[in-house]
Amino acid sequence: MGTPISPLPPAWVALPGPLRDAILRALDGFAGRRAEADADSPAGVSGAPVVTLLGCDGDATRVTVRALLSHMIWHAAQSGSDWFDHQFYVCTAVFAGGVLVSEAIVHHRLVNVSEYAEQTHYDRAAAVAQVVSELRAVAGDAAAR
């Protein structure tokens, strides 16, 4: 999992450590499977998928977790001009008694990155942080209504 961007939701911090670990393993699994599904031939996953916690509601009995799943897909062009797709998905997963009862993964954004940009100035972590900030702002706006 990528480093969760602070502040961590109080409901997340209050969960027992073993439950948090199990949820993180499930989220990592979702991210890995989603990345592999996006990596159609002749493309491949570039680097490890990243999971960033967006929100958490509930308690150890029943908890809903929202996370951003992101990964880079490398496309090898025969012409020599490779490119990358930085994919972003929002995952909502519900756990009851520590068991996954539902999951929804929705595509949020695709950023096309040239080979030159990826090698010289594209900052994956900054792109993730920007999307997280936008999603949290939207969630905050919705909660204020």
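This text follows the structure it describes.
Residues numbered from 1 in each chain as written. Predicted model: local features only at pLDDT ≥ 70, side-chain atom pairs only at ≥ 80, totals over all residues. Heavy atoms only, no water.

**Q** I keep staring at the pairing of strand S3 (residues 83-96) and nothing clicks. Help me out?
**A** Each regular strand shows side chains that alternate between the opposite faces of the sheet. The element S3 is extensively covered by neighbouring structure, given that eleven of its 14 residues are classed as buried. Bridge count for S3 against strand S4 (residues 99-114) is 14 bridges, and the pairing is antiparallel. Its bridge partner lying in S4, Thr92 is registered against Ala104. In this antiparallel pair of consecutive strands, S3 and S4, the connection spans two residues, and Gly97 shows a positive phi of 60 degrees. (Buried < 20%, exposed > 50% of the residue type's maximum accessible area, 1.4 Å probe, protein only. Helix = DSSP H or I, 4+ residues; strand = E, 2+ residues; numbered from the N terminus. Pairing = 2+ DSSP bridges.)

**Q** Please explain the pattern of salt bridges as it appears in this structure.
**A** Once the charged atoms of two side chains with opposite charge are near each other, the side chains can pair. This structure, assessed with the given rule, holds three salt bridges. Two residues, Arg34 and Asp38, come together in a salt bridge whose shortest N-O distance is 2.7 Å. With Arg34 and Asp38 both in helix H2 (residues 17-38) and four residues apart, this pair spans about one turn of that helix. We classify Arg34 as partly exposed; its relative accessible area is 25%. Classification of Asp38 by relative accessible area gives buried; the value is 15%. In this structure, Arg109 engages Glu134 in a salt bridge whose closest nitrogen and oxygen atoms are separated by 2.6 Å. On the criterion of sequence distance, the pair formed by Arg109 in strand S4 and Glu134 in helix H4 (residues 124-144) is long-range, its members being 25 residues apart. Residue Arg109 is classed as partly exposed on the basis of its relative accessible area of 26%. Look at Glu134 and you get partly exposed, because its relative accessible area is 27%. (Salt bridge = Lys/Arg side-chain N within 4 Å of Asp/Glu carboxyl O.)

**Q** What am I meant to see in the sheet that holds strand S1 (residues 44-58) here?
**A** Backbone hydrogen bonds hold the strands of a sheet together, and the pairing may be parallel or antiparallel. Strand order in the open sheet formed by four strands is S1-S2-S3-S4, with antiparallel pairing between adjacent strands. Of all the strands in the sheet, just S1 and S4 have a single pairing partner and so form its edges. Pairwise comparison of adjacent strand axes, ignoring direction, gives a mean angle of 15 degrees for this sheet. Strand direction decides the pairing type here: strand S2 (residues 62-75) and S3, joined by 14 bridges, are antiparallel. Of the residues in S3, the one forming a bridge with Val63 is Phe95. In this fold H2 packs onto S1, S2, S3 and S4, with an angle of close to 30 degrees to the strand it touches most, S2. (Axes fitted to C-alpha atoms, helices over the stretch in contact; angles between N-to-C directions. Contact = heavy atoms within 4.5 Å.)

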